[in-house]
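# Commentary on secondary and tertiary structure
So you can see what is in the structure, the chains are spelled out below.
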Amino acid sequence: MNITEQDKEYMREAIRLANESVKNGGGPFGAIIVKDGEIVAGSSNSVTRDNDPTAHAEVNTIRQACRKLGTFDLSDCVIYTSCEPCPMCLGAIYWAHIKCIYYGNTKKDAAAIDFADDFIYKELEQHLENRSVPFIPLLHDEAIKTFAAWEAKQDKVEY
């Protein structure tokens, strides 16, 4: 992959947002989303400020970009994030169809300062009955009717 000076500048902006977050009481993570050479969104981790465990830099930035662009499909965008995405953020990036991820710190760097996501990766490999949080099936016969309604819907917007 050919990394340009512009890529480095975008990453520096993600890192700047991470540094700003630390100064303002947030976590040490920042991210930006770029489309056609323009920054369309940028944010930092605000988990503790917002009392929201999903308010990671990447998720906040994806939400901001989707609102600004008026779409849930960011397939023509690139994300620059100050750290390798956690499992939740990686899932959000894939759901948004972002075409490329540039990252600064690694998940090992994050683990070294007590942001260890390995337990989630290990949980995902477990069968449901072996996970540390119980997974209990309930009312499948009723719930499946909603899926049937979705499948039959002619004017649905697929994502």
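For the structure, check the block above.
Attention here is on the structure that accompanies the text. Quick caveat, the model's predicted, so the values are computed rather than measured.

## Some details on the packing of aromatic side chains
On inspection of all chains with the given rule, the structure shows four aromatic pairs. Between Y10 and Y80, the ring centres sit 5.1 Å apart and the planes meet at 50°, which makes this aromatic pair tilted. Here Y80 lies in strand β3 (residues 77-83) and Y10 lies in helix α1 (residues 5-23), a separation of 70 residues in the sequence. Classification of Y80 as buried rests on a relative accessible area of 3%. A ring pair is formed by Y80 and Y102, whose centres lie 4.6 Å apart and whose planes are at 5°; its orientation type is stacked. Linking Y80 in strand β3 with Y102 in strand β4 (residues 100-105), this pair joins segments that are 22 residues apart in sequence. This pair shows no difference in class: Y80 is buried, exactly as Y102 is. Joined through ring pairs, the aromatic side chains of Y10, Y80 and Y102 make up one cluster.

## Observations regarding the environment of S75
With respect to the helices and strands, S75 occurs in the loop between α3 (57-69) and β3. Relative accessible area serves as the criterion here: at 37%, S75 is assigned to the partly exposed category. For the pair S75 and T4, spaced 71 residues apart in sequence, the C-alpha to C-alpha distance is 20 Å. Apart from residues lying up to four places away in sequence, S75 is in contact with A96, H97 and K99.

## With respect to the pairing of β3
Every other side chain in a regular strand lies on the same face of the sheet, so the side chains alternate between the two faces. By the criterion of burial, β3 is predominantly enclosed, with seven of the seven residues buried. The pairing of strand β1 (residues 30-35) with β3 spans five bridges and is classified as antiparallel. By the bridge assignment, A31 is partnered in β3 with T81. Bridge analysis of β3 against β4 gives five bridges, and the strand direction is parallel. Looking at β4, one finds that V78 is bridged to C100. Since β3 and β4 lie parallel, the crossover through helix α4 (residues 87-95) that links them has a hand, and here it is right-handed.

Conventions adopted
Residues numbered from 1 in each chain as written. Predicted model: local features only at pLDDT ≥ 70, side-chain atom pairs only at ≥ 80, totals over all residues. Heavy atoms only, no water. Phe/Tyr/Trp six-rings, centres within 6.5 Å; stacked < 30°, edge-to-face > 60°. Helix = DSSP H or I, 4+ residues; strand = E, 2+ residues; numbered from the N terminus. Buried < 20%, exposed > 50% of the residue type's maximum accessible area, 1.4 Å probe, protein only. Contact = heavy atoms within 4.5 Å. Pairing = 2+ DSSP bridges. Right-handed = clockwise from strand over helix to strand, strands pointing away.

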